[in-house]
Amino acid sequence: MIDSAIAFEVAASEARNFSYYAVLEQRASERRLVATRFQSLLRSLGHRPPLRGTFMALARRVIGRILHRLFANEAIIIGLFNRAEEKSVASFEELLNHRDISERTRAVIEHEYKSVSDGYIMFQELEAELTHRNLGGDW
């Protein structure tokens, strides 16, 4: 979630289209909240949660920035986020399938899953809209 929040923040800082800027900023804030809640849960369970993103996520952001600059196409960035959101949703679903987690942990995961799932649906719709627009209107 930390990686996701950072990716949204970076993309928002580079967004040229204000409406996409707002979407990216909204998702960045949402992901920061999700990350904070998971960090709190981990601390309460006696663990030390990560405080910053991973190297692999940094590499993916760099590749995304290069693609965006090469093609100057908002649809590419939205598509990258859509695929990343799909992976996040799958990770949450995998967590929810574990039977050996406490009810408290399950409740946190379920609550945050709703937020991540809503973001995924939004990016699916946005990618479809951009694809439709880039194809010149009606299919």
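Residues numbered from 1 in each chain as written. Predicted model: local features only at pLDDT ≥ 70, side-chain atom pairs only at ≥ 80, totals over all residues. Heavy atoms only, no water.

## Comments concerning the side chain of Glu 127
Working step 1: The topology assignment puts Glu 127 in helix H5 (residues 103-134).
Working step 2: Leaving out residues up to four positions away in the same chain, Glu 127 has contacts with Ile 78, Gly 79, Asn 82 and Arg 83. (Helix = DSSP H or I, 4+ residues; strand = E, 2+ residues; numbered from the N terminus. Contact = heavy atoms within 4.5 Å.)

## Considering the confidence of the model for the protein chain
Do not read the predicted coordinates in detail wherever pLDDT is low.
Working step 1: Of the residues in the protein chain, 76% have a pLDDT of 70 or more, and the chain-wide mean is 80.
Working step 2: Mean pLDDT across the secondary structure elements of the protein chain bottoms out at helix H3 (residues 55-71), with 61, and peaks at H5, with 88. (pLDDT = per-residue confidence, 0-100.)

## With respect to helix H4 (residues 74-96)
Working step 1: An ideal rise of 1.5 Å per residue puts 33 Å on 23 residues; H4 measures up with 33 Å between its terminal C-alpha atoms.
Working step 2: Those residues of H4 that fall on the buried side of the exposure criterion are Glu 74, Ala 75, Ile 77, Ile 78, Gly 79, Phe 81, Asn 82, Glu 85, Ser 88, Val 89, Phe 92 and Leu 96. (Expected span 1.5 Å × (residues − 1). Buried < 20%, exposed > 50% of the residue type's maximum accessible area, 1.4 Å probe, protein only.)

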